[in-house]
Amino acid sequence: MKKSNLLYERLTTLASKIREGEVSPRGLVNALLERIKETEDKVKAYVTLTGEEARRTAEKAEKEIQRGQYRGLLHGIPVSIKDLMDTKGVKTTYGSRIFRENIPNEDATVVKKLKEAGAIMLGKTNTHEFALGGITPPTRNPWGLDRIPGGSSGGSAAAIAAGSALTTLGSDTGGSIRIPASYCGVVGLKPTYGLVSRAGVFPESWSLDHVGPITRYVEDSAVMLQFIAGYDEKDPATRKRKIPDYVADLQNSVEGLRAGVPRNHFFEHVDREVLSAVRQAIKVLERLGMSIHELTVPAIDGIMGAYTALDSAEVAANHRRIYAEHAHEYMYESKVYIEAGFFISATQYIDSLRARPKLTAQVLEAMKDVDVMLTPSQPIVAPKIGEKEAFIDGYKEDLMLTMVRFLAPFNLTGLPALSICCGFNSDNLPVGLQIIGKPFQESTVLRVGHYYEQATEWHKRLAKVPL
Amino acid sequence: MKDLSKELVKSIVELLDLKVADEKSLKDLFGAVQGNYSFVKAIEDTILTPSDDPMLYVRYLQEAGDRESEEE
């Protein structure tokens, strides 16, 4: 097999080849660095590369494996990390000029877990400044270099789409894993709130932040989740729970599973080609033996209201000190975002926290007769760079709202949500399907995504970079 | 907040010593604050009682997850 083809293999396939000595971790690292060299001047997915350190770690992994000290599926696999996450001894900017020289002393818990599993850190991927937006400059979308990759985990998703990363981590406060996953035609999983530690990840909003994988295949996300999930005393939101075998669970059938399709909100103001692709995807799942049921998601206005109050106020509180000293070093849009947060009143904030369990209960009640819910990930395909508004069949909307309105409800309610590619529009731009599950039911969400992926060919289409 | 006005935003900017300096920034900030309020006011539609403790959320999520796992 050619080196370049290895970059599009499943992690389980690569792991097996590494274990058998057919593929060397050093070879993988070198192939990725070559691919990065080919694509990076156009895609700009990375902010920092750790090639030399990666080669050294790969050599060490090879020796360990040769000695029979194989650690598991990620041993010898290169991973790319969103630059919002602390990496010991490696520059971590959080996408901000203020932290351009920041070198953490410790790894974020998720990074530490990946390293303990034998993964090799290849580099840090671009994030929107402090994760406060969905554009991720200067990264470009491999499916259309005049388009944004989405954000804030835009570098991670773009790297997967460009073939310049095998697997990555992202974070998601209002859609920051699923927006770029949708726009770049890859897989993004926002796990249940409390399943994956956020310790060492620069916070946007403590009560809404989640960490999860962005990968090429659903199975790869299951592999990543296997290693990053679990209790962490450094993150008070994490829960002590038994972690299922997410990879093995993918083999269970989807036949008989029940999917809910909202008749409100999630199918309103959606681009026609996106709508068509999502409807087709639902039919595919029906053909696979799932039953489809219409439902209504209640209290969407309350959910979006509580989300807005929590996110805005927590962003303002979190940035207050840094902003006071470094306001001139923030992007203009971030300044407005942060300052608007100071206008959320204490009672609005507290009532949002108090309303949250009720709103979550209402959503779960609506989902009581189904296993998952299906919606478009985004109302549109990747917008062009510089666009600030979305135009959907005559309906005009602020682009930021367009990006979060189908996703943020599951940050507020904490439910697991996966975005997978379910087609392309007439300009060959990817469309995303969102699969939402019940709390801690990632296995079910991943299984539905995996079966859909197996039944379709979309994941086999590759972005042609360089053009 | 029914009486949200550009003047009120301006006075709060001064009170909090925020960094917006020019007319454009103030206009954009006012737009962002108005945008937030158009969503946030919907929280009032959720009926809350004194027993609605904000700390219930994580426990609630955990218990809902446990129920689902048992059903599986």
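Treat the numbers as computed from the prediction; the structure is a model and nothing was measured.

Visitor: Any details on the overall build of chain A? Residues and values, ideally.
Guide: Across its full length, chain A holds 16 helices and 13 strands. For 467 residues, the compact-globule formula gives about 23 Å, and the C-alpha radius of gyration of chain A, at 21 Å, lands near that figure. With the principal axes as the frame, chain A shows a C-alpha extent of 60 × 60 × 45 Å. Residues counted as buried form 61% of the 467 residues belonging to chain A. Once local pairs closer than 6 in sequence are excluded, the contacts in chain A between residues at least 24 apart make up 77%.

Visitor: Could you give an account of the overall build of chain B, with specific residues and numbers?
Guide: Counting its secondary structure elements, chain B contains three helices and zero strands. Helices and strands appear in chain B in the N-to-C order α-α-α. Relative to its length of 72 residues, chain B is extended, with a C-alpha radius of gyration of 20 Å against a globular reference of 11 Å. When the backbone C-alpha atoms are referred to their principal axes, chain B occupies close to 60 × 25 × 20 Å. In chain B, which comprises 72 residues, the share counted as buried stands at 22%.

Visitor: I'd love a proper account of the interface of chain A and chain B, names of residues and values included.
Guide: Listed by partner, the interface residues are 41 residues for chain A and 30 residues for chain B. In terms of residue count, the dominant contributor to the side of chain A that touches chain B is helix H13 (residues 346-366) of chain A (13 residues). Looking at the side of chain A that touches chain B, its residues break down into 21 nonpolar, 11 polar and nine charged.

Visitor: Residue-level account of the environment of B:Phe30, with values.
Guide: Mapped onto the secondary structure, B:Phe30 falls in helix H2 (residues 23-40). Filtering out sequence-adjacent residues up to four positions away, B:Phe30 remains in contact with B:Lys6 and B:Val9.

Visitor: Describe in detail unusual backbone geometry, supporting the description with residues and values.
Guide: Residue and element names in this part refer to chain A. Residue Pro138 follows Pro137 across a cis peptide bond; omega there is 5°. Positionally, Pro138 belongs in the loop between strand S3 (120-125) and helix H6 (154-162). Cis geometry is found at the peptide bond from Gly151 to Ser152, where omega equals 15°. Mapped onto the secondary structure, Ser152 falls in the loop between S3 and H6. A positive phi angle, close to 50°, is found at Phe130, a residue other than glycine. Note that Phe130 resides in the loop between S3 and H6.

Visitor: How would you summarise the sheet that holds strand S12 (residues 417-424) of chain A if you had to cite specific residues and measurements?
Guide: Each strand in a sheet pairs with its neighbour through backbone hydrogen bonds, running either in the same direction (parallel) or in the opposite one (antiparallel). Residues and elements named next belong to chain A. The strand order across the open sheet formed by 11 strands is S1-S3-S2-S4-S6-S5-S12-S13-S9-S7-S8, and the pairing between neighbours is mixed. Taken across any chain shown, the strands that pair with only one partner, and hence form the sheet edges, are strand S1 (46-49) and strand S8 (291-295). The average undirected angle you get between the axes of adjacent strands in this sheet is 30°. Bridge count for strand S9 (residues 372-376) against strand S13 (residues 430-436) is four bridges, and the pairing is antiparallel. Bridged to Thr375 within S13 is Gln434. Sheet contacts for helix H3 (residues 25-43): S1, strand S2 (78-82) and S3; angle to S3, the most-contacted strand, approximately 20°.

Visitor: Account for H3(A), naming residues and giving values.
Guide: Residue and element names in this part refer to chain A. The largest bend in H3 amounts to roughly 40° and is located at Lys37. Within H3, burial applies to Pro25, Leu28, Val29, Ala31, Leu32, Ile36, Thr39 and Val43. Lys44 lies just past H3 and shows a positive phi near 55°.

Visitor: Which residues make up the packing of helix H11 (residues 300-326) of chain A against H13(A), and what are the values?
Guide: How two helices pack is summed up by the angle between their axes together with the distance between the axes. Residues and elements named next belong to chain A. Remark: H11 packs on H13, axes separated minimally by 9 Å, with the N-to-C direction vectors making an angle of 135°. Of the possible angle classes, the one that applies to H11 and H13 is oblique. Relative to H13, the crossing made by H11 is left-handed. Mapping the contact onto sequence places Gly302, Ile303, Ala306, Ala309, Leu310 and Ala313 in H11 and Gln348, Tyr349, Ser352, Leu353, Ala355, Arg356 and Leu359 in H13. In terms of residue class, the contact of H11 with H13 is built from nine nonpolar, three polar and one charged.

Visitor: So what's going on with the pairing of S2(A)? Which residues, and what values?
Guide: Residues and elements named next belong to chain A. Counting buried positions along S2 yields five of five residues, so the element is predominantly enclosed. Note that S2 and S3 share five bridges and pair parallel. Bridge pairing in S3 places Lys82 opposite Thr125. The β-α-β motif built from S2, the intervening helix H5 (residues 109-116) and the parallel element S3 has right-handed crossover chirality. Sheet topology note: the S2/strand S4 (residues 167-172) ladder contains two bridges and is parallel. From the neighbouring strand, Ser80 faces S4, where its bridge partner is Thr168.

Visitor: Any details on the packing of helix H8 (residues 218-228) of chain A against helix H16 (residues 442-455) of chain A? Residues and values, ideally.
Guide: Residues and elements named next belong to chain A. The contact between H8 and H16 brings their axes to 8 Å, and the two run at 155°. As summarised for this structure, H8 and H16 are arranged roughly antiparallel, according to the angle between their axes. Contacts between H8 and H16 pair Val218, Glu219, Ser221, Ala222 and Leu225 from the former with Glu442, Leu446, Gly449, His450 and Glu453 from the latter. Classifying every residue of the contact of H8 with H16 gives four nonpolar, three polar and three charged.

Visitor: Explain the environment of A:Ile179 to me, and be specific about the residues and the numbers.
Guide: Residues and elements named next belong to chain A. With respect to the secondary-structure elements, Ile179 resides in helix H7 (residues 178-184). Along the sequence, Ile179 and Glu457 sit 278 residues apart, while their C-alpha atoms lie 21 Å from each other. Beyond its immediate sequence surroundings of up to four residues, Ile179 is in contact with Gly134, Gly150, Gly151, Gln378, Met403 and Leu407.

Basis of the calculations
- Residues numbered from 1 in each chain as written.
- Chains lettered and ligands numbered in written order.
- Predicted model: local features only at pLDDT ≥ 70, side-chain atom pairs only at ≥ 80, totals over all residues.
- Helix = DSSP H or I, 4+ residues; strand = E, 2+ residues; numbered from the N terminus.
- Rg over C-alpha atoms; globule rule 2.2 N^0.38 Å.
- Buried ≥ 20, exposed ≤ 12 C-beta atoms within 10 Å, placed from the backbone.
- Contact = placed C-beta atoms within 7 Å.
- Nonpolar A, V, L, I, M, F, W, Y, C, P; charged D, E, K, R; others polar.
- Pairing = 2+ DSSP bridges.
- Axes fitted to C-alpha atoms, helices over the stretch in contact; angles between N-to-C directions.
- Bend = angle between axes of the 7 residues up to and from the residue.
- Parallel < 35°, antiparallel > 145°, perpendicular 65-115°, else oblique.
- Left-handed = near helix turned anticlockwise from the far one by under 90°.
- Right-handed = clockwise from strand over helix to strand, strands pointing away.

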